[in-house]
Structure formats: structure tokens, C-alpha cells
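Summary of structural features
Take a look at the letters that make up each chain.
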Amino acid sequence: MRPRIGYKKLAAVGVAAVVGVASTIALTSGSASASPVFGYSGYAFGTDVQSGLANSGPQVVSQISCTTDSNRSDKNDLAAANVNNHAIARTVRTDTHSFNNKNGNGVTSNATAVDIKLGNLLHLTGVKTTTTSVYKNGKLSYTGSTTFAGVKIGAVSVPSLLKPEPNTKVAVPGLGYIVLNRVGGVKTNTGIYSYAQAVVLHANVKNQYIPEGVDVAVLKTRAEITKPATAMVIGDAYGTKAHVDKLVVSGPTSYQSTCQGTEGKTVRVAVGELNIPKVAYVGAVYTTKNGFMSLDKSAVKFTSHTAGVKVGNLSIGAIESSAAAWKTKDGKVGLDWSGSIVSIKVGNKSYAVPNKPNSTLDIPGVAKLTFNQVVKQQRYIAVNALVIDVYSLNTKVIVGHSAAGVIG
């Protein structure tokens with residue numbers, strides 16, 4: 001059993017600083033071979049609260065992400081998974097793994113629980129859910145299923161639900177309704193992902209177990225495989241992120257990431273202006289991502305755009321960054337980045353904006369500014385257009401983060 005329950009983020013996702021990204025990628029990037037590669041990703045959760053309830057994110061997590069390793073695996077187990085201070089699932093085990101064998105190239109994710117119980121409203125025993133996505137002989141396919149040893153709704157046993165049809169909806173008096181064996185799959189030009197969930201609890205009446213209006217997925221799995229390509233693409237972008245010491249006080253704004261690109265389409269995510277309490281005012285933010293994978297070439301580009309940031313009497317004009325990476329079938333790899341800041345003012349005083357990578361500006365008593373903080377590796381580039389270390393608040397604000405890389 002793992003000592004802590006937590007959500008392990010993607011290898012290239014959601015890090016506090018660009019250095020953290022680079023050190024992770026170095027462990028997963030593999031050789032510069034021109035041989036085609038597959039991309040593997042998947043996860044299994046014990047429980048996942050899908051809306052409205054703080055401090056109840058994914059529990060009992062097993063995950064593999066953004067990897068070309070066909071032997072990657074992860075597993076986890078826990079005595080009980082709690083939601084709203086109630087033990088919903090007991091003796092939970094999850095695992096996910098990639099494979100390359102006679103069945104093809106793929107990912108399988110599994111989750112089991114001895115029982116799932118909501119007082120006397122619902123009792124499910126011997127619960128098993130699994131999903132697999134696979135590429136074999138030029139074709140993509142998936143499977144997913146859930147089975148139960150016992151199903152009891154209220155005081156009534158329902159043996160017809162031991163092997164439910166996909167997406168079976170059942171009313172549960174005193175709760176609302178449940179969906180058993182929720183399964184599906186989505187094919188793209190790049191690959192396929194599948195999902196399977198043992199049970200989704202929909203609380204639409206007041207009860208003591210789950211707040212009304214909240215949905216909880218119990219034993220949730222996902223498996224994803226890409227078609228063979230010259231490389232797998234990775235990266236992420238966000239407008240701003242702030243933390244005090246190691247405590248994040250504002251998560252990434254307009255956050256985007258990828259493990260396989262966007263089929264060559266540009267995806268834009270935007271938010272309006274926002275306030276980070278006691279830290280900063282941030283103007284409108286948007287990010288873009290565009291990427292594709294094929295046997296001839298794989299490429300990805302992320303951009304970040306922030307209208308401006310104010311920290312106390314420090315005002316920063318528009319901030320932008322971009323990061324791009326690509327690899328061709330002949331093994332050639334390219335990386336590119338950019339970063340720009342329009343202006344810097346403290347009160348009525350303006351400061352020149354340095355244009356060299358990793359340059360700094362110290363404003364006594366106000367902040368230390370680091371411009372175009374860049375980390376570059378053989379097949380990965382990441383840039384923070386601006387990092388603001390606020391002396392009086394012991395706070396770091398990252399603005400304009402973009403990162404891109406190729407694996408394989």
C-alpha cells in the first residue's frame with residue numbers, strides 16, 4: 001500500500017517551475033532513433049468526484065503517461081476510498097500497464113473493490129472493471145467491461161445486474177440513480193482511447209453520503225494507444241501560476257497539455273482577467289496548442305499569451321511565449337522558442353526589458369524578475385517568459401509558460 005493518496009500528474013504537466021519539467025523528461029525521452037514508436041497512456045482510479053466537492057479528487061491512482069515504453073506499469077491499493085468522510089469503496093486495487101505482445105500494442109487498466117456501499121441504499125460486492133485499447137495489424141480497437149459478484153439496491157438483491165449491459169441506468173431511492181458499466185471509446189486519426197467505470201453515483205436528492213448535485217465515479221479506468229509514428233509529442237502551456245514557498249495559491253490559468261497532439265488543429269483555451277488574492281491581478285489569458293504525429297513527421301507547438309500582470313505597484317505589460325518541437329522520419333529533431341514582454345513599470349518609473357535568455361532584473365524592495373527562463377534538452381524545450389519573485393510576499397509568480405518535446 002502506498003502511504004499517501006494523491007493524484008500523480010503527467011510527466012510533462014503542471015510543474016511549478018520549468019526545471020522540474022526538464023528533469024522529468026530526461027528520464028522518459030529515450031533514444032533519437034528514427035524507428036516508429038507507439039505512445040502509451042492510461043490510468044485507474046478508485047474514486048473520482050466529478051463536481052462540487054473539494055478535497056475529494058482521484059483516489060487510489062495508478063497511472064502511466066506520455067511514454068513509448070511498452071513495459072511501463074503502475075499499481076496501487078487502499079483499504080477504503082472515502083468521499084465526504086464516508087467509506088464508499090473498500091479494499092480497492094488499481095493497476096495500469098502497457099504491452100507489446102501477440103495481442104498487439106496497447107494499454108490495459110484495471111480496478112477492483114471488495115465492495116461499494118452507501119449505507120442501506122446500495123451495496124455492490126466483488127466489483128471488477130477493466131478497459132483495453134490496442135493497435136494490431138493496422139487496426140485500432142478497444143474493450144471494456146464491469147462485473148459484480150452481488151448487487152443489492154435497498155434490501156433487494158438484483159442478480160440480473162451482475163453482468164450489466166453497457167451504460168445501464170438504475171434508480172436508487174434515497175440517492176437518485178446510478179449508471180453501471182459505463183464504457184466507451186473514441187478513435188482519432190492519431191490513435192484511440194477507451195474508458196470503463198464500474199458505477200457512477202448521481203446524487204439528485206438529499207442524502208447523508210454524497211452532497212446533492214454531485215457525481216462520483218467509482219472504479220474508473222482509461223487506456224490510450226497511438227498509431228505508430230516517428231515520435232510521440234508532449235508539452236504544456238499556461239498563462240500564470242503562483243505559489244508561496246511550496247504552497248500553490250493559484251493553479252495554472254488556461255492550462256493545456258498533450259500526449260499525442262491535436263491532429264493538426266489549433267486548440268485555444270482562454271480565461272478573462274482574474275485576481276490572485278493578496279498576490280496579483282492578471283489580465284486576460286489564452287493559450288494555444290497544435291500538433292500531429294505521423295510516420296513522416298511529428299511536431300507540436302504551444303503558445304501562451306497574458307494581457308498583463310500587476311503585483312503591488314509593479315506593472316508588467318503583455319507577456320507571450322512559445323515552444324515548438326518536431327522530429328522527421330530521418331531522425332532530425334528541431335526545437336524553437338520565443339518570449340516577449342512589452343513593458344515593466346514600478347509606479348511611474350519604466351525599466352528596460354532584457355532580451356537575453358535567463359537574464360534578471362532586481363528591483364530593490366519590490367521583486368526579482370527573471371526573463372525568458374529557458375531549459376533546453378536534446379528533444380525538449382521549455383520557457384517561462386517571466387518569473388516574478390516578490391520579496392514582501394515570499395511569493396513566486398510564473399507568467400507565460402510554454403513547453404514542447406518529442407519522445408522516440
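See above for the structure.
In this report, the structure presented in the accompanying data block is examined. Everything quoted here is computed from the prediction, not taken from an experiment.

Each value, and the rule that gives it
- Residues numbered from 1 in each chain as written.
- Predicted model: local features only at pLDDT ≥ 70, side-chain atom pairs only at ≥ 80, totals over all residues.
- Heavy atoms only, no water.
- Pairing = 2+ DSSP bridges.
- Helix = DSSP H or I, 4+ residues; strand = E, 2+ residues; numbered from the N terminus.
- Axes fitted to C-alpha atoms, helices over the stretch in contact; angles between N-to-C directions.
- Contact = heavy atoms within 4.5 Å.
- Salt bridge = Lys/Arg side-chain N within 4 Å of Asp/Glu carboxyl O.
- Buried < 20%, exposed > 50% of the residue type's maximum accessible area, 1.4 Å probe, protein only.
- Polar contact = N/O pair within 3.5 Å; in protein donor to acceptor, adjacent residues only side chain to side chain.
- Core = buried A, V, L, I, M, F, W, Y, C linked by side-chain atoms within 4.5 Å.
- Disulfide = S-S within 2.5 Å.
- Phe/Tyr/Trp six-rings, centres within 6.5 Å; stacked < 30°, edge-to-face > 60°.
- Lys NZ or Arg CZ within 6 Å of the ring centre and 35° of its normal.

Read across the open sheet, the six strands follow the order 18-19-22-23-26-27; overall the sheet is antiparallel. Single-partner strands in this sheet number two, and they are strand 18 (274–276) and strand 27 (349–351). Between one strand axis and the next, the sheet turns by 20 degrees as a mean value, whatever way the strands run. In the sheet, strand 22 (residues 309–311) pairs with strand 23 (residues 314–316) via three bridges, with the strands oriented antiparallel. The partner of Val-311 across the bridge, within strand 23, is Leu-314.

Following the sequence through the fold, Ile-316 ends up in strand 23. For the pair formed by Ile-316 and Ile-341, sequence separation is 25 residues and the distance between their alpha carbons is 7.6 Å. Apart from residues no more than four positions distant in its own chain, Ile-316 is found in contact with Gly-308, Val-309, Ile-341, Ser-343, Ile-344, Leu-369, Leu-386 and Ile-388.

This model, assessed by the stated rule, comprises six salt bridges. Residue Lys-329 is joined to Asp-296 by a salt bridge in which the shortest nitrogen-to-oxygen separation is 3.5 Å. Of this pair, Lys-329 sits in the loop between strand 24 (319–328) and strand 25 (333–341) while Asp-296 sits in the loop between strand 20 (285–292) and strand 21 (297–306), and the two are 33 residues apart along the sequence. Asp-296 sits in the partly exposed class, given a relative accessible area of 48%.

Right, let's talk about the environment of Thr-132 for a bit. The topology assignment puts Thr-132 in strand 6 (residues 122–136). We classify Thr-132 as buried; its relative accessible area is 18%. Apart from the residues within four sequence positions on either side, Thr-132 is in contact with Phe-99, Val-107, Thr-108, Ser-141, Tyr-142, Thr-143, Ser-194 and Ala-223. Among the polar contacts made by the side chain of Thr-132, one reaches the side chain of Thr-108 at a distance of 2.7 Å.

Next up on the list: the nonpolar core. Looking at soluble globular proteins, one finds that nonpolar side chains tend to be buried together. Within the largest apolar cluster, 36 residues are counted, with the highest numbers of intra-cluster contacts made by Ile-116 and Leu-201. When residues no more than four places from it in sequence are discounted, the contact partners of Ile-116 are Ile-88, Ala-89, Leu-122, His-123, Leu-124, Val-127, Val-199, Val-218 and Leu-219. Membership of the second largest hydrophobic core comes to 26 residues, among which are Ile-276, Ile-344, Leu-386 and Val-390.

As a further point, take the pairing of strand 31 (residues 395–407). The buried count for strand 31 comes to 12 of 13 residues, which makes it a mostly enclosed element. Where strand 14 (residues 232–244) lies against strand 31, 12 bridges are found, and the strand directions are antiparallel. Bridging from a neighbouring strand, Tyr-238 pairs with His-401 of strand 31. With 10 bridges joining them, strand 30 (residues 380–390) and strand 31 adopt antiparallel strand pairing. From the neighbouring strand, Ile-388 faces strand 31, where its bridge partner is Val-397. The antiparallel pairing of strand 30 with strand 31 creates a hairpin that spans four residues between the two strands, and Asn-394 there sits at a positive phi of about 50 degrees.

This part takes up the environment of Tyr-193. Secondary-structure assignment places Tyr-193 in strand 12 (residues 191–203). By relative accessible area, which is 25% here, Tyr-193 ends up partly exposed. Beyond its immediate sequence surroundings of up to four residues, Tyr-193 is in contact with Ser-133, Gly-184, Gly-185, Val-186, Arg-222, Ala-223 and Glu-224.

For Val-60, which is not glycine, the phi dihedral falls at a positive 55 degrees. Looking at the element boundaries, Val-60 is found in the loop between strand 1 (40–49) and strand 2 (62–67). Taking the relative accessible area as the measure of exposure, Val-60 reaches 2% and is therefore buried. If you check the backbone angles, Asn-372 has positive phi at about 50 degrees while not being a glycine. In this structure, Asn-372 sits in strand 29 (residues 367–377).

The full count for this structure, using the stated rule, is one disulfide. With a sulfur-sulfur separation of 1.9 Å, Cys-66 is cross-linked through a disulfide to Cys-259. Here Cys-66 and Cys-259 share a disulfide; its torsion about the S-S bond, -85 degrees, makes the bridge left-handed. Of the two residues, Cys-66 is situated in strand 2 and Cys-259 in the loop between strand 16 (256–258) and strand 17 (267–271); the sequence distance between them amounts to 193 residues. Cys-259 shares its class with Cys-66; the two are buried.

Strand order in the open sheet made by the six strands is 2-1-13-12-11-10, with antiparallel pairing throughout. A single partner strand is all that each edge strand has here, and the edge strands are strand 2 and strand 10 (168–172). Sheet twist, expressed as the mean angle between neighbouring strand axes with direction ignored, is 10 degrees. Looking at chain direction, strand 1 and strand 13 (residues 215–226) are connected through nine bridges and run antiparallel. Looking at strand 13, one finds that Val-49 is bridged to Val-216.

Let us look at the packing of aromatic side chains. Evaluation of the coordinates by the stated rule reveals three aromatic pairs. The ring of Tyr-177 is capped by Lys-169, whose NZ or CZ atom sits 4.2 Å from the centre of that ring. A cation over a ring is seen here: Arg-222 above Tyr-193, with NZ or CZ 3.8 Å from the ring centre.

These results come straight from atomic positions and should not be treated as a statement about function.
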